[in-house]
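Structure at a glance
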Amino acid sequence: MVVILKKNADAGKIRALLQQIDTLGVQTNYSEGTQTTVIGLIGDTSRVDMDTLLANEAVEDVKRITEPYKAANRRFHPEDTVVAVGDVRVGAGTFNVIAGPCSIESEEQLTTVARAVKESGAKLLRGGAFKPRTSPYSFQGLENEGLRLLLAAGKAVGLPVVTEIMGESQLDDFADVDVIQVGARNMQNFRLLKELGRCRKPILLKRGLSATIEEFLMSAEYIMAGGNPNVILCERGIRTFETMVRNNLDISAVPLLKRQSHLPVIVDPSHAAGMAWMVEPLSRAAIAAGADGLMIEVHNNPKAALCDGAQSLDPEEFGRLMASVTSRVAFEGRRM
Ligand code: PEP
Ligand code: MN
């Protein structure tokens, strides 16, 4: 981090600033030039608050040179992190597909979908029990009953389960869930992220609708700073000016996240596209861009789905998608 001082800054204020920086546990390098005087901050600056420094009257500007995230940063952890979920290893150079309905609607619906996705090669079963809907009048999910059905279906077909948490008060109810999903709308629910940092469960963190890559990684940092290294990042599309897709899949986020961070990155093409026909091309793009897996919405009868039917594949379409994904993964020289 570099602190640029104002021209003719008061010597007393500069001394006070240097003393203030000293208390932050970083070294300083004072460099007086003919035009500009700067103070270089050397060491771990992730805990240094730029705004506090900017508030000092002697300071003209403050610039970060290294990223504000440390635990999630590849710079300090060059090798890829592998998140273990039962026998599944996410991020180990293999490619894993998570599939299941947007929301759990009934035992019959869930077990039909669970069997079908397992049969086609999915490695984890997803299903929403608590749904973050834009309207309070839309189907909100079967809640605790949905959670019970998901755990039972996962056990019956032999797949670990992924489901979305709404708030930290639910953590005890999620004790048997294999992967806890943090939805796009909760990406900056910092109290929740902190609590998830206290457990050791794998967390599938979805990118917020308008979150920058840095904000996304700072949310992962919240979980990791609390002591939980098991974070899987999920790109699910962002809001742009385009109205012909539900969200714009930010494909560049995949190589960017993999360069900036050692965490595994998966892609959710279903929520990005909002249309079932686009799921396959976006899936292939995700593999080509280097993603570690996909999360796909599958429904036994998409037309009658209580949530996200338009973007859901039926079991047959999912089977075809898996064949296409498998050949693309092989083409990239990777394993499923
Ligand atoms: C979901 O996965 O069902 C979901 C609600 O996704 P997102 O948080 O990305 O909108
Ligand atoms: Mn959905």
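Up top you'll find the structure we're talking about.
Note that the structure is predicted; figures quoted are calculated from it, not measured.

So, the side chain of S324
Within the fold, S324 resides in helix α10 (residues 315–331). Residue S324 is classed as buried on the basis of its relative accessible area of 12%. In this structure S324 touches E280 and R284, once residues within four positions along its chain are discounted.

Examining the packing of helix α9 (residues 279–289) against α10
It is at 10 Å that the axes of α9 and α10 come closest, and there the two elements cross at 20°. As judged from the angle between their axes, α9 and α10 are roughly parallel. Classified by chirality, the crossing of α10 by α9 is right-handed. Of the residues in α10, those touching α9 at V279, E280, S283, R284, I287 and A288 are L321, S324, V325, S327, R328 and V329.

Examining the site of ligand 1
Taken together, R126, K131, E164, Q181, G183, A184, R185, K206, R236, H271, M295 and E297 make up the full set of residues near ligand 1. For ligand 1, an oxygen atom lies 2.8 Å from a polar atom in the backbone of A184. One of the side-chain nitrogen or oxygen atoms of R236 is found 2.6 Å away from an oxygen atom of ligand 1. Look at ligand 1: alone it shows 300 Å² of surface, and the protein chains cover 97% of it. If you map ligand 1 onto the pockets, it falls in the second largest pocket.

As for the sheet that holds strand β10 (residues 179–182)
On the basis of which strands lie adjacent, the closed barrel formed by eight strands has the order β7-β8-β9-β10-β11-β12-β13-β14 and parallel pairing. Taken over all neighbouring pairs, the strand axes of this sheet differ in orientation by 30° on average, direction set aside. In terms of strand pairing, strand β8 (residues 124–126) meets strand β9 (residues 161–165) through two bridges, oriented parallel. The partner of R126 across the bridge, within β9, is V162. Each of β8 and β9 touches helix α4 (residues 144–157); the most contacted strand, β9, lies at about 165° to it. Here helix α5 (residues 190–198) sits on the sheet in contact with β9, β10 and β11 (203–206), set at roughly 165° to β10.

Examining the coordination of the manganese ion (ligand 2)
Distances from the manganese ion (ligand 2) to its protein donors, C102 (SG), H271 (NE2), E297 (OE) and D308 (OD), fall within 2.0 to 2.4 Å. Summarised as a motif, the one-chain spacing of the donors to the manganese ion (ligand 2) is C-x168-H-x25-E-x10-D. Of this pair, C102 sits in the loop between β7 (96–100) and α3 (107–120) while H271 sits in helix α8 (residues 269–273), and the two are 169 residues apart along the sequence. Under the relative-accessibility criterion, C102 is labelled buried at 2%.

Conventions and cut-offs
Position numbers for residues start from 1 in each chain and track the written sequence from start to end. Chains carry letters from A onward and ligands carry numbers from 1 onward, assigned in written order. Where totals are concerned, whole chains, interfaces and linings use all residues; where local detail is concerned, this predicted model gives features only for residues with pLDDT of at least 70, and gives and counts side-chain atom pairs only at 80 or more. Working from all heavy atoms in the structure, the side-chain values ignore hydrogens and water. Comment: elements are numbered from the N terminus, with helices defined as DSSP H or I runs of at least four residues and strands as E runs of at least two. Any residue under 20% of the maximum accessible area for its type is buried, any over 50% is exposed, and the rest in between are partly exposed; the area is computed with a 1.4 Å probe on protein chains only. In what follows, residue pairs with any heavy atoms lying within 4.5 Å of each other are defined as contacts. The convention used is that axes are lines fitted to C-alpha atoms, helices contributing only their stretch in contact, and that angles between N-to-C directions extend from 0 to 180 degrees. Between 65 and 115 degrees an angle is taken as roughly perpendicular, under 35 as roughly parallel, over 145 as roughly antiparallel, and anywhere else as oblique. Rotating anticlockwise by less than a right angle from the far helix to the near helix defines a left-handed crossing, while the corresponding clockwise rotation defines a right-handed one. In this text, near means that some heavy atom of the residue lies within 4 Å of the molecule or strand in question. N or O atoms closer than or at 3.5 Å make up a polar contact, with two conditions inside protein: a donor-capable atom paired with an acceptor-capable one, and, for residues adjacent in sequence, both atoms drawn from side chains. Computed by Shrake-Rupley with a 1.4 Å probe, the accessible areas treat only the displayed protein chains as cover when residues are assessed. The rule is simple: put a 1 Å grid over the protein atoms alone, call a set of points where a 1.4 Å probe fits but cannot get out a cavity, call an open set with protein on both sides within 12 Å along at least five of seven lines a pocket, and count a residue as lining if it has an atom within 4 Å of a point. Any molecule with more than half of its atoms within 2 Å of a cavity's or pocket's grid points is counted as sitting in it. At least two DSSP bridges between two strands are needed for those strands to be called paired. Metal donors: N, O and S atoms at distances within 2.8 Å, or within 3.2 Å for Na, K and Ca, with water omitted from the atom set so that some sites may seem incomplete.

Function-wise, these values are silent; they only describe arrangement.
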